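Here are the chains, one letter per residue:
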Amino acid sequence: MADDFEPNIIGFLCNWCSYAGADLAGTSRMKYPPNIKSIRVMCSGRVDPIFILEALKKGADGVLVAGCHPGDCHYQSGNYKTNRRIMLLKKLLDELAIDSNRVRFEYVSASEGQKFAHIVTEFVDDLKKIGPNPLKEGGT
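Because the structure is a prediction, the values reported are computed rather than measured. (Residues numbered from 1 in each chain as written. Predicted model: local features only at pLDDT ≥ 70, side-chain atom pairs only at ≥ 80, totals over all residues. Heavy atoms only, no water.)

Draft legend 1. Main features of empty space enclosed by the protein. Using the criterion set out here, one finds 1 cavity of 30 Å³ or more in the structure. Space inside the largest cavity adds up to approximately 40 Å³. Forming the walls of the largest cavity are Val47, Pro49, Ile52, Val65, Thr82, Arg85, Ile86 and Leu89. Contributing elements (two or more residues each) for the lining of the largest cavity: helix H2 (49-57) and helix H3 (78-95). For the lining of the largest cavity, the element with the highest residue contribution is H3, accounting for 4 residues. Taken together, the residues that form the lining of the largest cavity break down as 6 nonpolar, 1 polar and 1 charged. (1 Å grid on protein atoms, 1.4 Å probe; cavity = no way out; pocket = protein on both sides within 12 Å on 5 of 7 lines; lining within 4 Å. Points joined across faces, edges and corners; volume = space filled by probe spheres on them. Helix = DSSP H or I, 4+ residues; strand = E, 2+ residues; numbered from the N terminus. Nonpolar A, V, L, I, M, F, W, Y, C, P; charged D, E, K, R; others polar.)

Draft legend 2. Seen up close, the side chain of Asn15. The residue Asn15 is located in the loop between strand E1 (9-14) and helix H1 (18-27) in this model. You can call Asn15 buried: its relative accessible area is 16%. (Buried < 20%, exposed > 50% of the residue type's maximum accessible area, 1.4 Å probe, protein only.)

Draft legend 3. Here's a closer look at the pairing of strand E4 (residues 103-107). Taken across its 5 residues, E4 has 5 buried, putting it largely inside the fold. Across the two faces of E4 the burial is the same, with Val103, Phe105 and Tyr107 and Arg104 and Glu106 all buried. In the sheet, strand E3 (residues 62-67) pairs with E4 via 5 bridges, with the strands oriented parallel. Paired with Val63 across the strands is Val103, a residue of E4. In this fold, the crossover linking E3 to E4 by way of H3 has right-handed handedness. (Pairing = 2+ DSSP bridges. Right-handed = clockwise from strand over helix to strand, strands pointing away.)

Draft legend 4. Structural view of the nonpolar core. Ranked by size, the top nonpolar core spans 17 residues in total, and within it Phe12, Ile52, Val63, Val65 and Val103 carry the most contacts. Elements with a minimum of two residues in this core: E1, H2, E3, H3 and E4. Residues Ala66, Phe116, Phe123 and Val124 belong to the second largest nonpolar core, which totals 14 residues. (Core = buried A, V, L, I, M, F, W, Y, C linked by side-chain atoms within 4.5 Å.)

Draft legend 5. How the structure looks around the environment of Asn79. Within the secondary structure, Asn79 is located in helix H3. Residue classification places Asn79 among the buried positions, given a relative accessible area of 0%. It is 28 Å that separates the C-alpha atoms of Asn79 and Arg29, two residues lying 50 residues apart in sequence. Setting aside chain neighbours within four positions, we find Asn79 in contact with Ser44, Cys68, His69, Pro70, Gly71, Cys73, Phe105 and Tyr107. (Contact = heavy atoms within 4.5 Å.)

Draft legend 6. The arrangement of the pattern of salt bridges in detail. Tallying each qualifying case throughout the model produces 6 salt bridges. Two residues, Arg104 and Glu122, come together in a salt bridge whose shortest N-O distance is 2.4 Å. Of the two residues, Arg104 sits in strand E4 while Glu122 sits in helix H4 (residues 113-130), which places them 18 residues apart along the sequence. For Arg104, a relative accessible area of 13% translates into the label buried. (Salt bridge = Lys/Arg side-chain N within 4 Å of Asp/Glu carboxyl O.)

Pasting the structure below:
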């Protein structure tokens, strides 16, 4: 593994909470790695596990899905569905010999910019330990 490896992270962020939390981190000039490419979704419940698998297949080193805290979902139960889906997806990834730590689900509210920055920083550090995605086209 190269010392200069910088993970590529795709982030599916809930419009109402997590995306606003990421925006707060940015507007407050909080320091966190620029490794994440954010995709705003109306609800974390709209993130199909196929999207996550496709991101990994196309070479993302990690995928972060972030949604509203339990009880705060603007669509009532989207974050609960996502939590269950991610747990099942992680089991599938383990069965496929893909490190399930490449996928992460977190609750981030609109006022938690610092938490968002911490999650991204921690995820980048974790992915650096895991190494590049073996599914990356042209990878080993």
